[in-house]
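Understanding the architecture of this molecule
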Amino acid sequence: MSGGSSSRLSRKRPSGRKALLATLMLLVAVASAFPLVWMVLSSLKTPAESMQVPPAWIPHTPSLDAYEKVSGVVNVGRSMWNSLVIATITTAGILSTSMMAGYAFAKYHFPAKSLLFSLLIATMFLPPIVTLIPLYRLVGSIGLNASLAGIIVPNLANAFGIFLMRQFIAGVPDDLIDAARMDGASELLILFKIVAPSVAPAIAALALFAFIYHWNSYLWPLTVLQGNADAYPIVISLSRLLSYNRGAVNTGLVMAGATLAVVPPLILFVLLQRFFVDSIVGSAIKG
């Protein structure tokens, strides 16, 4: 009897731990999603509900008036397009340069390879504010000030992206690459037709990181554009909504603009989340 009861207790303990872990994960998920949910709900409130004390958690009379008024304050369509151009082209550039450089560091042997890779990693520890002025002067010297190109060009290569791709490409079997070379495949063909499909989760994760980072970038675009409002991305345009807000009267307007700005990155995350999780699992297994 004692043996049977102890076995039942041992079976109950793991299930209790799983329930506790599931509860903790649920609490973390709710806490993480709360700001997003609050933002969407606030965008649907009337000005009176926004100023209500204690706050109304759910709007009693949901309204889309705030979304209609946003376009009267900022050019949402143009700003969203500018952000899309910046984030998309920059992400494509980062993916291309990271894959080529990562492939070279992972599968090629050349002098000072370790030293160059160490210097590359060292640049990851530089705060962005340190490189702001040198990059600004460089962009000005080639005539790209106050333009979208001035925002994009300095960010077409990324040290973290090269590091990430190098780590994943290093796991691709050398025999597979050597067989492709023996069949006469070029290095670019090997990279994009053989290596890239093997590290697809890492590519998707890097694309997600790069797109969201450059979609939300604020300081660098503000510095380069020099007041050229026609080229403002949505993040900078939203700052006009903050100055337009008076107390809580136009809180719904601010929240509506923020909701519109978060939609494209959220859609991209939903589309790539499976690959993102696969990349994390794959790196954990390799580790």
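Preceding this section is the structure that the text describes.
Below, the structure is looked at part by part. (Residues numbered from 1 in each chain as written. Predicted model: local features only at pLDDT ≥ 70, side-chain atom pairs only at ≥ 80, totals over all residues. Heavy atoms only, no water.)

**Side note on the overall build of the chain**
Condition: Note on conventions: DSSP H or I runs of at least 4 residues are helices, E runs of at least 2 residues are strands, and numbering of each starts at the N terminus. Using a 1.4 Å probe on the protein chains alone, a residue whose accessible area is under 20% of its type maximum counts as buried, one over 50% counts as exposed, and one in between counts as partly exposed. Every residue pair with non-hydrogen atoms within 4.5 Å of one another is taken to be in contact. Per-residue and other accessible areas follow the Shrake-Rupley method at a 1.4 Å probe size, with only the shown protein chains counted as cover for residues.
Scanning the chain from terminus to terminus reveals 14 helices and zero strands. Ordering the α and β elements of the chain from the N terminus gives α-α-α-α-α-α-α-α-α-α-α-α-α-α. Counting across all 287 residues of the chain, residues that qualify as buried make up 34%. Of the contacts made within the chain by residues no fewer than 6 positions apart, 75% connect residues no fewer than 24 positions apart. Only carbon and sulfur atoms are counted for the fraction: they give 70% of the accessible area of the chain, which is about 16,800 Å².

**A word on the packing of aromatic side chains**
Rule in force here: The pairing test for Phe, Tyr and Trp rings, Trp by its six-membered ring, is centres within 6.5 Å, and the orientation test on the planes gives stacked under 30 degrees, edge-to-face over 60, and tilted for anything in between. Over a ring means this: the NZ of a Lys or the CZ of an Arg is within 6 Å of the ring centre and within 35 degrees of the ring normal.
Inspection of every chain in the model, using the stated rule, returns nine aromatic pairs. Residues Y103 and Y108 carry aromatic rings whose centres are separated by 5.6 Å and whose planes lie at 75 degrees to one another, so their mutual orientation is edge-to-face. For Y103, a relative accessible area of 4% gives the class buried. On the basis of relative accessible area, Y108 is assigned to the partly exposed category, the value being 31%. Considering the side-chain rings of F105 and F110, the 6.0 Å spacing of their centres and the 50 degrees angle between planes classify their relative orientation as tilted. Ring-pair connections join several aromatic residues into one group, and the members of that group are F105, F110, F117 and F163. Looking at R166, its charged tip hangs above the ring of F117, at a distance of 5.0 Å from the centre.

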